[in-house]
Amino acid sequence: HDEEFPPRILDHVMKNAIKGDVTNVIDVIDKYCWSVEIAMNVGDVKGAILDKSFLEASPKNVLEIGCYCGYSALRMSRLLKEDAKIFTIEASSQYADVAQEIISFAGMEKKVQILRGLSDEVLPTIAEKCGVRTFDFVFIDHAKELYKRDLIMLENLGLIRQGTTIMADNVIFPGCPDYLEYVRNSPKFECTNYPSKLEYCENREDAMEKSIYLP
Ligand SMILES: O=C(NCCO)c1cc(-c2ccc(F)cc2)cc(O)c1O
Ligand SMILES: [Mg+2]
């Protein structure tokens, strides 16, 4: 991926979006990615699917694995209820730096906390560090080969509870076949697939997978 995208999108947002207006920041990012250069944000089309599941869950404690430039954290933050919070794990310090700037520019720094590090290093201590027992909503959008490992980790650490909603991006492209096989064959998850398109593309298939945890 183009390592120079994050600083360019940050610069574009600072120059073209309205400070403190989270909806405008989201729109400015989407317009840039449709017109100037594609980036690996969940995007507006799959973002609307995320929004709908997020509102249905109406979560208090939200976990995101894979923050990138903060786009999906912003989408969820604008739908958060009073005293709800988003914790988002990001392994790349370059991405985390840009995400922090964009989230702060949008005025959401109190609702979104970026946890820097590898997911398997952050997850074991996240409950005590963040004062959370279990998460009500989880959005998985990081390295596709780590989705299954990290879901199993969430289960083993008791970080998800009866009814937790887990949304996974890119289950078609780039794809996470072992994750899909795991959740769809497990009696502990009720799965729903949402066919869509790869972000900012009209002719490449992708999908989101919703899995409700029912241990
Ligand atoms: O790697 C991804 N995320 C983790 C790092 O932030 C990612 C990649 C792609 C993608 C890949 C290759 C291509 F050709 C087009 C898109 C898309 C996504 O939605 C993603 O989340
Ligand atoms: Mg993605």
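Thresholds, definitions, all that
- Residues numbered from 1 in each chain as written.
- Chains lettered and ligands numbered in written order.
- Predicted model: local features only at pLDDT ≥ 70, side-chain atom pairs only at ≥ 80, totals over all residues.
- Heavy atoms only, no water.
- Near = heavy atom within 4 Å.
- Polar contact = N/O pair within 3.5 Å; in protein donor to acceptor, adjacent residues only side chain to side chain.
- Areas by Shrake-Rupley, 256 points an atom, 1.4 Å probe, with all protein chains shown as cover.
- Nonpolar A, V, L, I, M, F, W, Y, C, P; charged D, E, K, R; others polar.
- Helix = DSSP H or I, 4+ residues; strand = E, 2+ residues; numbered from the N terminus.
- Buried < 20%, exposed > 50% of the residue type's maximum accessible area, 1.4 Å probe, protein only.
- Contact = heavy atoms within 4.5 Å.
- Pairing = 2+ DSSP bridges.
- Donors = N, O, S within 2.8 Å, 3.2 Å for Na, K, Ca; no water.
- Axes fitted to C-alpha atoms, helices over the stretch in contact; angles between N-to-C directions.

Novice: Teacher, can you tell me more about the site of ligand 1 here?
Specialist: Taken together, 12 residues are adjacent to ligand 1, and Asp141, Lys144, Asp169, Asn170 and Glu199 come closest. Interatomic distance of 2.8 Å between a side-chain N/O atom of Asp141 and an oxygen atom of ligand 1. Relative to its unbound accessible area of 470 Å², ligand 1 is 73% covered by the protein chains. When its residues are assigned to classes, the shell around ligand 1 shows five nonpolar, three polar and four charged.

Novice: I keep staring at the environment of Pro6 and nothing clicks. Help me out?
Specialist: Within the secondary structure, Pro6 is located in helix α1 (residues 5-16). Take Pro6: its relative accessible area is 0%, and that puts it in the buried class. Sequence separation between Pro6 and Val98 is 92 residues, and the spatial gap between their C-alpha atoms is 6.3 Å. Ignoring anything within four residues of it in the chain, the contact list for Pro6 reads Tyr68, Cys69, Gln94, Tyr95 and Val98.

Novice: Any chance you could explain the pairing of strand β4 (residues 135-140) here in plain terms?
Specialist: Looking along a regular strand, one sees side chains alternate from face to face of the sheet. Of all six residues in β4, six are buried, a share of seventy percent or more. Summarising the sheet, strand β1 (residues 61-65) and β4 pair through four bridges and their orientation is parallel. By the bridge assignment for β4, Glu64 is matched with Phe139. Of the pairings in the sheet, the one linking β4 to strand β5 (residues 160-168) comprises five bridges and is parallel in character. If you follow Phe135 over to β5, its bridge partner there is Ile160.

Novice: Sorry if this is basic, but what is going on with the coordination of the magnesium ion (ligand 2) here?
Specialist: By definition of the ideal shapes, four donors in a tetrahedron about a metal sit 109.5 degrees apart, and six donors in an octahedron sit 90 or 180 degrees apart. Every protein donor of the magnesium ion (ligand 2) is accounted for by Asp141 (OD), Asp169 (OD) and Asn170 (OD1), and the metal-donor separations fall at 2.0 to 2.2 Å. Considered as a linear motif, the donors of the magnesium ion (ligand 2) on their single chain read D-x27-D-N. Taken together, the residues span a long stretch of sequence, with Asp141 in the loop between β4 and α7 (147-156) and Asn170 in the loop between β5 and α8 (171-175) at a distance of 29 residues. Here Asp141 matches Asn170 in class, with each residue buried.

Novice: When you look at the sheet that holds β1 in this model, what are you seeing that I'm missing?
Specialist: In a beta sheet, neighbouring strands pair by backbone hydrogen bonds and run either parallel or antiparallel. A sheet is described by the order of its strands in space; here seven strands give the open sequence β3-β2-β1-β4-β5-β7-β6, paired in mixed fashion. Strand pairing shows two members of the sheet lacking a second neighbour, β3 (112-116) and β6 (189-197), which therefore form its edges. Neighbour to neighbour, the strand axes of the sheet diverge by 15° on average, direction disregarded. Sheet topology places strand β2 (residues 85-90) next to β3; five bridges connect them, and they run parallel. By the bridge assignment, Ile86 is partnered in β3 with Val112. Across the face of the sheet, helix α6 (residues 119-130) comes into contact with β1, β2, β3 and β4 while running at roughly 155° to β2. Relative to the sheet, α7 contacts β1, β4, β5, β6 and β7 (205-213), its axis offset from that of β5 by approximately 165°.

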